[in-house]
Amino acid sequence: MSESRVIHGFHAVTSNLRSASGNVREIFVDASRADKRCADLIKLAEAGGVRVITVDARRLDGMTGNARHQGVAANVVPIKLATHIDDVLETLTEPALLLILDGVTDPHNLGACLRVADAMGVHAVIAPKDRAVGLNATVSKVASGAAETVPYIPVTNLARTMKELKDRNIWISGADEHATVELHQAKLDGARALVLGAEGEGMRRLTRENCDELVRIPMLGGVESLNVSVSAGICLYEARRQRGFKK
């Protein structure tokens, strides 16, 4: 039997039921919930032939590590996504659009970045194996299904991976608040990897040095920096705007 994992929260469970109900083994629902949102989830599960098990809140707490599960969890078999960047690039029929995250250690930030990446048609998210949070239940909950649709590829040596991307004619643009080129001035419609560092620290020196260009998001107010997922959303939207929104 394939290895399974637990996801939690209405968005994550609902997204899995809608996109890949065959990968959902069973869902667990807090027996004390009798609201319409829960009833709709149960109806969706039953329509997909997924078993629904009612349990008490303590069991859900134990299954999810006391996370904010909202009274629902699911046992799912992860969808097989690409695990190497070559597997992604060799299947593309359009110029690559990649997101590289350097030093994102907060699962909420990673989950939000994956959600934005899914919305903007990103082909893969790349991150170093060290100094990164990796995929877990919290990431899946925040990503609202995107963790099962966007390949997340951890790499041992980020700088080397960036050089390999450049060897494949993928231009690398790093977001840096001190850059002289503003985001909308950059040409982002070709094969492109956008690099963002963690809020506060930004990209590591070697990561910055391996970028082909640095761009900055124009800031008109008094705030000096943005959350990494917000920055990712702005940068990816501009890249998608330039290349078109055809799905």
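All figures in this text were calculated on a predicted structure; none of them were measured in a lab.

Trainee: Help me understand the overall build of the protein chain, please; the structure alone is not making it clear to me.
Mentor: The secondary structure content of the protein chain amounts to 9 helices and 11 strands. A globule of 247 residues ought to have a C-alpha radius of gyration of about 18 Å, and the protein chain, at 19 Å, matches this closely. In terms of principal-axis extent, the alpha carbons of the protein chain reach across some 55 × 45 × 35 Å. Sorting the 247 residues of the protein chain into buried and exposed places 46% on the buried side. Partitioning the intrachain contacts of the protein chain with sequence separation of at least 6 by distance along the chain shows that 81% fall at a separation of at least 24. Surface summary for the protein chain: the accessible area is close to 12600 Å², and the carbon and sulfur share equals 49%. Within the protein chain, the 30 negative side-chain charges are centred at a point lying 4 Å from the centre of the 31 positive side-chain charges.

Trainee: Looking at this model, I keep getting lost on the sheet that holds strand S5 (residues 97-102). Mind explaining?
Mentor: The strands that make up a sheet pair up through hydrogen bonds in the backbone, lying either parallel or antiparallel. Here 7 strands make up an open sheet; going across it, the order is S7-S6-S5-S10-S8-S11-S9 and the pairing parallel. With partners counted over all chains shown, the strands left at the sheet margins are strand S7 (152-155) and strand S9 (181-182), one partner each. Across 2 bridges, the pairing between S9 and strand S11 (residues 213-216) is parallel. Directly across from Val181, in S11, lies its bridge partner Val215.

Trainee: How should the side chain of Thr14 be read in this particular structure?
Mentor: Within the secondary structure, Thr14 is located in helix H1 (residues 10-20). Taking the relative accessible area as the measure of exposure, Thr14 reaches 15% and is therefore buried. Of note is the side chain of Thr14, whose polar atom sits 2.7 Å from the backbone oxygen of Phe10.

Trainee: When you look at the sheet that holds strand S3 (residues 51-55) in this model, what are you seeing that I'm missing?
Mentor: Judged by pairing direction, the sheet is mixed, and its 4 strands sit side by side in the order S1-S4-S2-S3 without closing on themselves. Lying at the two open borders of the sheet, with one neighbouring strand each, are strand S1 (5-8) and S3. The average angle at which neighbouring strand axes cross in this sheet is 25°, direction not considered. Strand direction decides the pairing type here: strand S2 (residues 24-30) and strand S4 (residues 72-76), joined by 5 bridges, are antiparallel. Note that in S4 the partner of Val29 across the bridge is Val72. Across the sheet, helix H2 (residues 36-47) lies against S2, S3 and S4, angled at about 160° from S2, the strand it touches most. In the packing of helix H3 (residues 57-64) onto the sheet, the strands contacted are S1, S2, S3 and S4, and the crossing angle to S2 comes to about 135°.

Trainee: Looking at this structure, I do not really get unusual backbone geometry. What am I missing?
Mentor: For residues that are not glycine, phi is negative in most cases, and the peptide bond is trans in most cases. Located in the positive-phi region is Gln70, a residue other than glycine, with phi close to 65°. Positionally, Gln70 belongs in the loop between H3 and S4. Notably, Arg131 is not glycine yet its phi reads approximately 55°, a positive angle. Relative to the assigned elements, Arg131 resides in the loop between strand S6 (124-128) and helix H6 (137-143).

Trainee: Would you mind going over the pairing of S6 with me for this structure?
Mentor: Looking along a regular strand, one sees side chains alternate from face to face of the sheet. Of all 5 residues in S6, 5 are buried; the element is thus mostly enclosed. Burial along S6 is two-sided: Ala124, Ile126 and Pro128 and Val125 and Ala127, pointing in opposite directions, are all buried. With 3 bridges connecting them, S5 and S6 associate as parallel partners. Opposite Ile100, over in S6, you have Ile126 as the bridge partner. This β-α-β element, S5 to helix H5 (residues 107-119) to S6, shows right-handed connectivity. Bridging between S6 and S7 involves 4 bridges; their strand directions are parallel.

Procedures and definitions
Within every chain, residues take consecutive numbers counted from 1 along the sequence as written. Two thresholds apply to this predicted model, a pLDDT of at least 70 for residue-level local features and 80 or more for giving and counting side-chain atom pairs, whereas whole-chain, interface and lining totals are computed over all residues. The basis for every side-chain value is the complete set of heavy atoms in the structure, and neither hydrogens nor water enter the calculation. The way it works is that DSSP assigns letters per residue, a run of H or I at least four long becomes a helix, a run of E at least two long becomes a strand, and they are numbered from the N terminus. Restricting the calculation to C-alpha atoms gives the radius of gyration, and the globule rule supplies 2.2 Å times the number of residues raised to the power 0.38. Exposure categories follow from relative accessible area, calculated using a 1.4 Å probe and restricted to protein chains: below 20% of the type maximum is buried, above 50% is exposed, and the middle band is partly exposed. We call two residues in contact when some of their heavy atoms are within 4.5 Å. Each accessible area value is a Shrake-Rupley result obtained with a 1.4 Å probe; residue values ignore everything except the protein chains displayed when judging cover. Counted as positive: Lys and Arg. Counted as negative: Asp and Glu. His and the chain ends are not counted at all. Throughout, a charge is located at the NZ atom of Lys, the CZ atom of Arg, the CG atom of Asp or the CD atom of Glu. Between any two strands, pairing holds if DSSP finds at least two bridges. The term polar contact refers here to a pair of N or O atoms within 3.5 Å; inside protein, the definition further demands a hydrogen-donor-capable atom paired with an acceptor-capable atom, and it admits residues adjacent in sequence only when both atoms are side-chain atoms. Comment: axis = line fitted to C-alpha atoms, over the contacting stretch for helices; angle = value between 0 and 180 degrees taken between N-to-C directions. Crossovers are marked right-handed if the path from the first strand over the helix to the second runs clockwise, as seen with the strands pointing away from the viewer.

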